[in-house]
Amino acid sequence: FPSHDSLLLSDLLWVIHKLYNTTQSLSVNPGLLIENLRSKSIRLINPSLQTIGDIIASDNTELINRLLRCGMTRALHTLLLRSLYVKEIIWIFSNLAVENLGSEYIVESPGLLLDIISQTPSIDLYFTLSNLAVRGNNNVINALIRCGCGIILVRGLTHTGQIIRTICLEGIDALLKKGGHV
């Protein structure tokens, strides 16, 4: 679509979002969603990000893998660095870790873990790091340890919320069992 049709494209993306959200069986073009994450237009980013979030939250492993292969991690990383939609992006990464999908993409993207750490509010960060630790393989665990994620989870033990302390303990436990140290 030419740039002067961005309003039409935005409407189309919202229709795709609503249809996918309703049916979860709609065939979605991952390339279209990723391309629009790279857009400068919030009108195009919003529905694309919402649809990707819905896809990640669903059990559509095939579509999630297609999004990952189309460069979703890199596009979300770029969007994160622009300080837009930090909470939404972190939850997408956290949900990828919970589903045990995409963890490799997260740790293989240069600097992504460090940028997640620097950009994320602490409560969301604890959830994300713990999910990555609990579900991650050896490569993920080693990347978490190298980035100092264990220390961040230990700091989370001082949080006033019991749920946060429990989540941090689960993450620390996983790092110790799988990686040998925090």
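Details of the structure are given in the entry above.
Residues numbered from 1 in each chain as written. Predicted model: local features only at pLDDT ≥ 70, side-chain atom pairs only at ≥ 80, totals over all residues. Heavy atoms only, no water.

Chemist: If you had to explain the side chain of Ser 39 to someone new, which residues and values would you point to?
Modeler: Mapped onto the elements, Ser 39 comes out in the loop between helix 2 (30–37) and helix 3 (42–57). Residue classification places Ser 39 among the buried positions, given a relative accessible area of 15%. (Helix = DSSP H or I, 4+ residues; strand = E, 2+ residues; numbered from the N terminus. Buried < 20%, exposed > 50% of the residue type's maximum accessible area, 1.4 Å probe, protein only.)

Chemist: Describe the side chain of Thr 51, listing the residues and the values that go with them.
Modeler: Relative to the assigned elements, Thr 51 resides in helix 3. Thr 51 gets classed as buried once you look at its relative accessible area, which sits at 1%. Apart from the residues within four sequence positions on either side, Thr 51 is in contact with Leu 13, Ile 16, His 17 and Leu 33. (Contact = heavy atoms within 4.5 Å.)

Chemist: Any chance you could break down the pattern of salt bridges for me, citing the residues and the numbers?
Modeler: Inspection of the entire model under this criterion finds two salt bridges. Measuring nitrogen to oxygen at the nearest pair gives 3.2 Å for the salt bridge that ties Asp 124 to Lys 87. Of this pair, Asp 124 sits in helix 9 (residues 122–135) while Lys 87 sits in helix 6 (residues 86–98); the two residues are 37 residues apart in sequence, bridging distant segments of the chain. Between Asp 173 and Lys 177 there is a salt bridge; the shortest N-O distance is 3.1 Å. With Asp 173 and Lys 177 both in helix 12 (residues 162–179) and four residues apart, this pair spans about one turn of that helix. Of the residues examined, Asp 173 reaches a relative accessible area of 35% and is grouped as partly exposed. For Lys 177, a relative accessible area of 68% corresponds to the exposed category. (Salt bridge = Lys/Arg side-chain N within 4 Å of Asp/Glu carboxyl O.)

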